[in-house]
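# Descriptive structure summary
Chain by chain, the residues run as shown.
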Amino acid sequence: MKAIRRFTVRPVLPEPLRPLSALARNLRWSWQTETRALFESADPLLWARTAGDPLRLLAGLPPRRLTELAADQEFLTRLNTATAELHHYVTGPRWYQRQAENSPGLPAAVAYFSPEFGVTAALPQYSGGLGILAGDHLKSASDLGVPLIGVGLLYRHGYFRQSLSRDGWQQERYPVLDPNELPVTLLRETDGTPTQIALALPAGRRLRARVWLAQVGRVPLLMLDSDVEDNDPGAREVTDRLYGGGSEHRLLQEMLLGIGGVRAVRAYCRLTGHPAPEVFHTNEGHAGFLGLERIHELGIPGEADAEGLDFDAALEAVRAGTVFTTHTPVPAGIDRFDRELVGRHFGPHAELPGIDVEKVLRLGQETYPGGQPGLFNMAVMGLRLAQRANGVSTLHGQVSREMFAGLWPGFDAEEVPITSITNGVHAPTWVAPEVFALGATMIGAARTEEAMTVGASERWDAVADIADQQVWDVRSTLRAQLVGEVRARLTASWRQRGAGTAELGWIDGVLDPEVLTIGFARRVPSYKRLTLMLRDKDRLRALLLHPERPVQIVVAGKAHPADDGGKRLIQDLVRFADDPRVRHRIVFLPDYGMGMAQKLYPGCDVWLNNPLRPLEACGTSGMKAALNGCLNLSVLDGWWDEWYEPDFGWSIPTADGTATDEDRRDELESKALYDLLERRIAPRFYDRDGAGLPQRWIEMVRQTLTSLGPKVLAGRMVRDYVERLYAPAARGHRSLDPATARSLAAWKERVRDAWPHVEVDQPETSAIGATAEFGSTLALRVRVRTGTLGPDEVEVQAVAGPVDADDRIADARAVPLKPVAGPDLEGRWTYEGPLALDRTGSFGYTVRVLPSHRLLASAAELGLVAVPAEARGESAGVLMR
Ligand SMILES: *Cc1c(COP(=O)(O)O)cnc(C)c1O
């Protein structure tokens, strides 16, 4: 019989064990080995059965065992140590507090919004890289002491669980997650009633949500949940699952995340006394509406500023403190809604009634060549609502600048104000305890932990002194553990696919702990090319079955439920791996998630990544593998494009640019992949010295750790965010008090109106012919009509550099010119300045006029520029159609 209601009966812990409950509720346990070991020792079998979930463990401990533990002095001592450690961790000063002493400008708090968070497998609220990155961001912020508040949604089903049908077709299940069984607590008002957030929907409906709080070390994570009784059935479904449903469903999720999220942050700060965020960071465009809610807040008349700010002034105030991170150059990864749908959800009879709907719609309008007038683009809105924006690797920053260049017409892509901060991964989460222990024997546990969280590179140099034998022993142990894990998972998968135990004897021979092991696991969008390795099946089989130098491959990944193309790729792979000839050397493991990933990366020798360049914005699984001494074999895309060196890995030559048709490109790149495996990688792995050690391989493992270790850390990434984006954004936010915001908005409006009348004549130079001498200096002079603008409201620049055959300036350098006279009878100001000829070869220059104001973060910010008539070319195009 099926129950119509379910609830959880919590065990009553005996007094001495009470602190276990607090330990289980702070997710710090997920990256603290001793605390996990403590829980495990309470009941190792139950721990394994709950996949390492402390709350489920505590719920399942039999009363007899509880009594035993309550009297176990050794256990209680460890419990006290763990509790004291957590207290110290949560309350003591850390990196940020030390920084703040020297730079008082750091923000009092930062709110970090993301549609998904992958903190631990015990809180499954993620689908892939974006969410896990967000989880790693929170954990590193916690380690560094950055006062972050995470904001997301709590999905009743999370993402789906994957299994396979007999013939290898992906099956999806959506088990219900009961918040009462998750490591979250309800945010409550002082009188004990649950805090409720509400949004107004069209036709008088309301969308209400309660707020769950997960504690991630020092960082609170607020998760909104619309499954409350006061909601109508449609509204209850809004937070049903991650990335499910149609357009309107997605829009409601994003409104709840952005607008409801800001309201949840306000409630949290009011109830706990947490300082209000000075910076709002949106991880991808999905939470972009948060900027609208803050504009709305500033429009409400208040005490400090009796009138409230109008839209344009509020927009300036909000932009200054907003950071937007774009994560994908793949158009399908960017949300675009029907303009009409968005329009219906804002305005007088819906949400944010005080804001003119047209102004909302204009923020998301694709105003560039090729843009679609009927669509509302969340990334475009994100860029307009944030004064600071970034991509997630150097290459992705460049690709993003090109992709969005149309929003800054008249500027070269290099000048588009989108910078980049390369992603990183949270080492204490992703490094196997065995690898950590190796570090601890060299430099001690505390320094190893510091090296992994803050990322001091000197500490990583200690890896050079680890003996070959020790390195190899750890690598072999991890590989052997993976083999065991794969067999267990494969057995479970085959049972699920309908096989009986008697049929499964062969699984005991799947994978070999001595064989070169290659891993490939990620989501399955087409650009990641799951099946590139299957391009020449005979050749792959030969690699797997090589008599002396075989390889074995572990594959995993989920396809989006609506993506039949992706499911077909999985089926192709599964069918290949089901073949009795090779099934002991290649496996597909269903239900890729954090739990599997934590076992998989350390156990592999080589981590394979073969995306279509440049569509992998960064990629992080290879970083997690690297931190465990696994070598990367990857197309030069994302982070690997930036940091690859032949000393510690291999690059798969890419045919982007040369092979235009995709089939040809797959052909070339797969061939290069087979060649590398056969001729370079396998021979090196199997090349053993007298002691049976692959010395050259071990050296590459060392190089991976010392060179990549300090770079790929989320600690490095979060420090970059603090220094390069959060601190300037906090300063910007503070500068924009209401009066300044009004005057900046008024100034921008005046500049936009005046700009059509700004004109610049041809520049004159001190006489030179077609050639000039290296080291000499030209005197430049140009006349500029500034119309109604004063000469100090514009910047006149000479832009110079080497030119190509089409007279395009590459590597341009801008030098400001000074106003020296004016205005003349025609209203022209004269600007002058020197231009140093410091390069040999073809050299060119031009002049241009830009708006100038101390509160602009970039000269391109307004997208306004005036150039001499002769220099006007076509504006940059965009990639996104
Ligand atoms: C790290 C990770 C990802 C992201 O991997 P990419 O290489 O960025 O595609 C996806 N899923 C899980 C479970 C991960 O741990």
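Residues numbered from 1 in each chain as written. Predicted model: local features only at pLDDT ≥ 70, side-chain atom pairs only at ≥ 80, totals over all residues. Heavy atoms only, no water.

- The protein is annotated in an unreviewed UniProt entry as glycogen phosphorylase from Streptomyces tsukubensis.
- Entered under Sequence similarities (unreviewed entry) in the UniProt record, the comment concerning the protein runs "Belongs to the glycogen phosphorylase family."
- We quote the UniProt Function (unreviewed entry) comment for the protein here in full: "Phosphorylase is an important allosteric enzyme in carbohydrate metabolism. Enzymes from different sources differ in their regulatory mechanisms and in their natural substrates. However, all known phosphorylases share catalytic and structural properties." (UniProt positions renumbered as here; feature names shortened; annotations may be inferred.)

## Focus: the UniProt feature "modified residue: N6-(pyridoxal phosphate)lysine" (unreviewed entry) in the protein
- Here the UniProt feature "modified residue: N6-(pyridoxal phosphate)lysine" (unreviewed entry) sits at K624.
- On the secondary structure map, K624 appears in helix α25 (residues 621–626).
- Since its relative accessible area comes to 4%, K624 is described here as buried.
- Side chain to side chain, K624 and Y601 meet in a polar contact 3.5 Å long. (Helix = DSSP H or I, 4+ residues; strand = E, 2+ residues; numbered from the N terminus. Buried < 20%, exposed > 50% of the residue type's maximum accessible area, 1.4 Å probe, protein only. Polar contact = N/O pair within 3.5 Å; in protein donor to acceptor, adjacent residues only side chain to side chain.)

## With respect to the pattern of salt bridges
- This model, assessed by the stated rule, comprises 63 salt bridges.
- In this structure, R529 and E669 form a salt bridge, with 2.4 Å as the shortest nitrogen-oxygen distance. With a gap of 140 residues between them, R529 in the loop between β17 (516–521) and α22 (537–544) and E669 in helix α27 (residues 662–686) connect regions that are remote in the sequence.
- On the basis of relative accessible area, E669 is assigned to the buried category, the value being 1%.
- The salt bridge partner of R828 is D824, with a shortest N-O separation of 2.9 Å. (Salt bridge = Lys/Arg side-chain N within 4 Å of Asp/Glu carboxyl O.)

## Some remarks on helix α30 (residues 738–754)
- With 17 residues, α30 extends 24 Å between its outermost C-alpha atoms, agreeing within 8% with the 24 Å of an ideal straight helix rising 1.5 Å per residue.
- Within α30, burial applies to T740, A741, L744, A745, W747, K748, V751 and A754.
- Elements that come into contact with the buried residues of α30 comprise α12 (311–320), α29 (714–735) and β30 (843–851).
- Capping the start of α30, D737 holds a side-chain oxygen 3.1 Å from the backbone nitrogen of A739, two or three residues further along. (Expected span 1.5 Å × (residues − 1). Contact = heavy atoms within 4.5 Å.)

## A short note on the pairing of strand β11 (residues 279–283)
- The buried fraction of β11 is high, at five of five residues.
- Burial along β11 is two-sided: V279, H281 and N283 and F280 and T282, pointing in opposite directions, are all buried.
- As paired elements, strand β1 (residues 110–113) and β11 share four bridges and run parallel to each other. Each bridged residue has a counterpart across the sheet, and for V110 the counterpart in β11 is V279.
- In this structure, β11 lies alongside strand β12 (residues 322–325), joined through four bridges in parallel fashion. Bridge pairing links F280 to T322 in β12. (Pairing = 2+ DSSP bridges.)

## Looking at the domain arrangement of the protein
- What the domain assignment lists for the protein is domain 1 (15–91), domain 2 (100–423 + 726–735), domain 3 (427–712) and domain 4 (752–880).
- The centre of domain 2, based on its C-alpha atoms, is set 33 Å off from the matching centre of domain 3.
- In this complex, domain 2 contributes 40 residues to the contact, which on the side of domain 3 involves 50 residues.
- For the pair domain 2 and domain 3, the two sides together bury roughly 3400 Å², of which 57% comes from carbon and sulfur. (Domains from an automatic or database assignment. Buried area = accessible area lost by both parts, 1.4 Å probe.)

## Digging into the sheet that holds strand β18 (residues 551–556)
- Strand order in this open sheet of six strands is β19-β18-β17-β20-β21-β22, and the pairing throughout is parallel. In this open sheet, the two edge strands, each paired with only one partner strand, are β19 (586–589) and β22 (649–652). Strand after strand, the sheet turns through a mean of 20° between neighbouring axes, direction not considered.
- Bridge count between strand β21 (residues 631–635) and β22: four bridges; the pairing is parallel. Note on β22: the bridge partner recorded for S634 is S651. (Axes fitted to C-alpha atoms, helices over the stretch in contact; angles between N-to-C directions.)

## Describing the UniProt feature "domain: DUF3417" (unreviewed entry) in the protein
- In the UniProt entry, the feature "domain: DUF3417" (unreviewed entry) is given for residues 13–123.
- Counting secondary structure, residues 13–123 comes out at 59% helix and 5% strand; the distance between its end C-alpha atoms is 23 Å.

## Things to note about the state of the cysteines
- Tallied over the entire structure, the rule returns zero disulfides.
- Free of any disulfide, C618 has its nearest cysteine sulfur in C630, 16 Å distant.
- For C618, a relative accessible area of 3% gives the class buried. (Disulfide = S-S within 2.5 Å.)

## Some details on the side chain of R94
- By the element assignment, R94 lies in the loop between α6 (73–91) and α7 (95–102).
- Buried charge without a salt bridge: R94, with E449 as the nearest opposite-charge side chain at an N-O distance of 5.0 Å.
- Aside from chain neighbours lying at most four places away, what touches R94 is Y89, S142, D143, L144, G145 and R218. (Lys, Arg positive; Asp, Glu negative; His and termini not counted.)

## Some words on the site of the ligand
- Close to the ligand lie 15 residues, the nearest being K528, Y601, T620, S621 and K624.
- The separation between an oxygen atom of the ligand and a polar side-chain atom of K528 is 2.6 Å.
- In the model, an oxygen atom of the ligand is placed 2.6 Å from a nitrogen or oxygen of the K624 side chain.
- Protein chains shield 95% of the accessible area of the ligand, which is 380 Å² for the free molecule. (Near = heavy atom within 4 Å. Areas by Shrake-Rupley, 256 points an atom, 1.4 Å probe, with all protein chains shown as cover.)

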